[in-house]
Amino acid sequence: MTRKYDFLVIGSGIAGITYALKAAKFGKVAILCKTTLDESNTSFAQGGIATVMYEPDNFEKHIKDTLIAGDGHCNFAAVDKVIREAPAAIEDLLHFGVNFDKQKNGQFDLHREGGHSEFRILHHKDNTGFEIQESLVREIKAHPEIDVFEYHFAIEILTQHHLGEWVTHHTPNIECYGAYVLNQRTNHIHTFLSKVALLATGGIGNVYLTTTNPGIATGDGIAMAHRARAIVKDMEFVQFHPTALYHPGEKPNFLITEAIRGYGAVLRTVDGKEFMHKYDERGSLAPRDIVARAIDNEMKIRGDNFVYLDVTHKDAPTTKKEYPTIYKKCLELGIDITKEFIPVTPTQHYLCGGIEVDLNGKTSINRLYAAGECSCTGLHGANRLASNSLLEAVVYANAAVTDAAELIQYLTFNDKIPEWNDEGTSLPEEMVLITQSFREVEQIMSTYVGIVRSNLRLKRALSRLEIIYRETENLFERSVVSREICELRNVISVSYLIIKQALARKESRGLHYTMDYPKKMIND
Ligand code: FAD
Ligand code: SIN
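These numbers come from a predicted model, not from an experiment. (Residues numbered from 1 in each chain as written. Chains lettered and ligands numbered in written order. Predicted model: local features only at pLDDT ≥ 70, side-chain atom pairs only at ≥ 80, totals over all residues. Heavy atoms only, no water.)

Student: Quick rundown of the overall build of the protein? Include the residues and the values.
Tutor: Summing up its helical and strand segments, the protein has 15 helices and 19 strands in all. Relative to the compact-globule value of 24 Å for 524 residues, the protein shows a C-alpha radius of gyration of 22 Å, a close match. Projected onto its principal axes, the C-alpha coordinates of the protein cover approximately 65 × 55 × 50 Å. Across the 524 residues of the protein, 62% fall into the buried class. In the structure as shown, the protein presents an accessible area of about 20900 Å², 52% of it carried by carbon and sulfur atoms. When the 58 positive and 68 negative side-chain charges of the protein are each reduced to one mean point, those points stand 3 Å apart. (Helix = DSSP H or I, 4+ residues; strand = E, 2+ residues; numbered from the N terminus. Rg over C-alpha atoms; globule rule 2.2 N^0.38 Å. Buried < 20%, exposed > 50% of the residue type's maximum accessible area, 1.4 Å probe, protein only. Areas by Shrake-Rupley, 256 points an atom, 1.4 Å probe, with all protein chains shown as cover. Lys, Arg positive; Asp, Glu negative; His and termini not counted. Charge placed at Lys NZ, Arg CZ, Asp CG, Glu CD.)

Shown next, in the form of structure tokens:
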């Protein structure tokens, strides 16, 4: 079956939903998500969303903090845009019904996180993402112009390559006409034709054995864009959050928000000693690449599996009131955080790279936009400043709608796109093989492509991955399409991109640290 929409939105996190709500003013919108509307990285966000609110803070300080965290690799125009447009983005969220905590005097209650020189994080207790997602989902469900497709998995974007017409970056001039989509309830593959499409498919966490990301984060948008020959960049900059709760066997790993360090929590080795000042004068509040590497180093030197986060010196009723989700979660595991240290360990958390977009959210493929974690705007550079990603998603979703709304009046649907061809794909899926290959990819990435890298480790990862890639492509050609085999292909593509781009960077910068080139090149 073929469906036609002016705007096709793939993903229902903060980027996809804020885009859809705005695009609906200009045409018909379809929003797809591979599970339910509310399962997203967005729902898991704890700390909050950064914006300049009150003096003594100002845009210049927020810009400076973002550039410092980004370690000389940010796109200044993107940084300037996002930070100056932040107040308008917050207004949008308030308009959509999002509730941020306020103080008794009516002012917003601001938190501070690693790398921020001021208190500027708007939050809803310690579950800001849940509040945002819930409010946006409420809006979208009530919107008459938006069709929602849950359990609809985008397999590939539809493109036609006009070879011979060359544009920037030597990429062939490619058009996107929509996507092939698997309805997971009926197992039918539908063609969704669109005038413009937005990839808002979120993160890649499940490429690694441990991650704070939910199961949906398998880098599908990045892999689809790569297969369609879009430019994908900065993939080597994988962010490991310093403080995920150490609880072996649990996936996703529960996050202990960085805001709790802004509140005063201190990192300690297992024998109770503070160690961060050995690594950075900002101590436990240094940017997260520095903190994650310091923890990794302490754990390796001492042979420990975790370090501690100590909040016991803070006022217990305030801790319970400000961090109720963390308090409850730890208590369930027998840890009263007002009296006992919290065991924590660095864990994959975020990807700074992704599908390259310009200041309007346009990818290198015509009619295809990207926003949120799957995109690479250049805001984060080599390391994202905490709580800048929710903000980036809203700002760029808005930019993409503004651009596309101008464009769609000149565009038509491409009715010549053929239906999905599944000839010769009669093999029933071999779930054991798929699951096993998935585990192998996670193992390879966690063992060889983690916080500390080297050429030897990266090359070993690549050669192991190549075997799984060949086996999987072979299986894919012969099997009935399923979400599982598509996700496996996608995590392989994303892993490949991370390794290749890590091998290409002959220096250590931000989140990419390699023992072969421990220094930063100065000319970036
Ligand atoms: P997501 O919210 O991840 O949404 C992705 C959507 O894409 C989902 O609807 C999914 O179903 C859909 N999708 C994916 N693939 C397909 C497919 N093939 N077909 C159909 N649909 C598909 N950032 C901050 O700024 N502040 C924070 O405090 C913060 N805390 C965080 C805490 C945690 C635990 C985590 C995991 C992240 C945190 N982040 C935080 C990062 C931030 O939450 C994410 O970067 C952001 O929410 C990503 O939003 P998104 O819209 O790009 O994607
Ligand atoms: C956190 O709350 O520590 C996460 C913030 C972020 O990832 O931006």
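Student: Could you give an account of the pairing of strand 1 (residues 2–10), with specific residues and numbers?
Tutor: The sheet contact formed by strand 1 and strand 9 (residues 188–199) spans eight bridges and is parallel. Looking across to strand 9, one finds that V9 is bridged to L198. In this structure, strand 1 lies alongside strand 2 (residues 29–32), joined through four bridges in parallel fashion. In the sheet register, V9 faces strand 2, and the bridge partner there is I31. Once the chain exits strand 1 it traverses helix 1 (residues 14–23) before rejoining the sheet at strand 2, and the crossover so formed is right-handed. (Pairing = 2+ DSSP bridges. Right-handed = clockwise from strand over helix to strand, strands pointing away.)

Student: Tell me about the site of ligand 1, and please be specific about residues and values.
Tutor: Of all residues adjacent to ligand 1, which total 38 residues, the nearest are S12, T42, G48, E373 and S389. The separation between an oxygen atom of ligand 1 and a polar main-chain atom of I14 is 3.2 Å. A distance of 2.9 Å separates an oxygen atom of ligand 1 from a polar atom in the backbone of L390. Protein burial of ligand 1: of its 1000 Å² of free accessible surface, 99% is covered by the chains. Counting residues per element, the ones that place at least two in the shell around ligand 1 are helix 1, helix 2 (41–44), strand 7 (152–166), strand 14 (342–351) and helix 12 (389–407). When grouped by side-chain class, the residues that make up the shell around ligand 1 number 14 nonpolar, 19 polar and five charged. (Near = heavy atom within 4 Å. Polar contact = N/O pair within 3.5 Å; in protein donor to acceptor, adjacent residues only side chain to side chain. Nonpolar A, V, L, I, M, F, W, Y, C, P; charged D, E, K, R; others polar.)

Student: Can you lay out the pattern of salt bridges for me, pointing to particular residues and giving the numbers?
Tutor: Counted under the stated rule, the structure contains 37 salt bridges. A salt bridge links R227 to E156; the shortest N-O distance between them is 2.9 Å. One end of the pair, R227, is in helix 7 (residues 220–227); the other, E156, is in strand 7, with 71 residues separating them in the sequence. Note that R288 and E258 form a salt bridge whose closest N and O atoms lie 2.8 Å from each other. Placement of R288 in helix 9 (residues 288–302) and of E258 in the loop between strand 11 (238–245) and helix 8 (259–262) is noted, with a sequence separation of 30 residues between them. For the pair R288 and E258, one class covers both residues: buried. Via salt bridges that share partners, K34, D220, R483 and E487 belong to a single interconnected network. (Salt bridge = Lys/Arg side-chain N within 4 Å of Asp/Glu carboxyl O.)

Student: Provide a residue-level description of the site of ligand 2, including the pertinent values.
Tutor: The local shell around ligand 2 consists of Q46, G47, E113, H241, L255, T257, E258, R288, H349, R384, A386 and S387. Contact distances for ligand 2 include 2.7 Å between an oxygen atom and a backbone N or O atom of E258. Take S387: an N or O atom from its main chain is 2.6 Å from an oxygen atom of ligand 2. Isolated, ligand 2 exposes 260 Å² of accessible area, and the fraction of that covered by the protein chains is 93%. Among the residues making up the shell around ligand 2, the classes are represented as two nonpolar, six polar and four charged.

Student: Provide a residue-level description of helix 9, including the pertinent values.
Tutor: Over its 15 residues, helix 9 extends 21 Å from the first C-alpha to the last, a length consistent with the 21 Å expected when each residue adds 1.5 Å. If you check which residues of helix 9 are buried, you get R288, D289, V291, A292, A294, I295, D296, E298 and M299. At its buried positions, helix 9 is contacted by strand 11, helix 8, strand 12 (266–268), strand 13 (307–310), strand 14 and strand 18 (452–453). Phi for G303, located one or two positions after helix 9, is positive at around 70°. (Expected span 1.5 Å × (residues − 1). Contact = heavy atoms within 4.5 Å.)

Student: Give me the lowdown on the packing of aromatic side chains, citing residues and values where you can.
Tutor: Per the stated rule, a full pass over the model turns up 11 aromatic pairs. Taking the centre distance of 6.1 Å and the plane angle of 75° together, the rings of F7 and Y19 count as edge-to-face. Of this pair, F7 sits in strand 1 while Y19 sits in helix 1, and the two are 12 residues apart along the sequence. The exposure class of Y19 is buried, given its relative accessible area of 0%. An aromatic cluster of three or more residues is present, and its members are Y246, F306, Y308 and F341. Residue placement shows K102 over the ring face of F108; its charged tip is 4.9 Å from the ring centre. (Phe/Tyr/Trp six-rings, centres within 6.5 Å; stacked < 30°, edge-to-face > 60°. Lys NZ or Arg CZ within 6 Å of the ring centre and 35° of its normal.)

Student: Tell me what's going on with the sheet that holds strand 13, and back it up with residues and numbers.
Tutor: If you trace the four strands from one edge of the open sheet to the other, you get 11-14-13-12, paired in antiparallel fashion. In this open sheet, the two edge strands, each paired with only one partner strand, are strand 11 and strand 12. Recorded for the sheet is a direction-independent mean angle of 45° between the axes of neighbouring strands. Pairing of strand 12 with strand 13, which is carried by three bridges, proceeds in the antiparallel orientation. If you follow V266 over to strand 13, its bridge partner there is D310. With respect to the sheet, helix 9 is in contact with strand 11, strand 12, strand 13 and strand 14, its orientation differing from that of strand 11 by roughly 60°. (Axes fitted to C-alpha atoms, helices over the stretch in contact; angles between N-to-C directions.)

Student: Mind laying out the side chain of R453, listing which residues take part and the relevant values?
Tutor: Of note, R453 is situated in strand 18. Although R453 is buried, it forms no salt bridge, and the closest oppositely charged side chain is E236 at an N-O distance of 6.8 Å. Of the polar contacts made by the side chain of R453, one reaches the backbone oxygen of G450; its length is 3.0 Å. Aside from chain neighbours lying at most four places away, what touches R453 is Y208, E236, V238, Y448, L458, A502, H512, Y513, T514 and M515.

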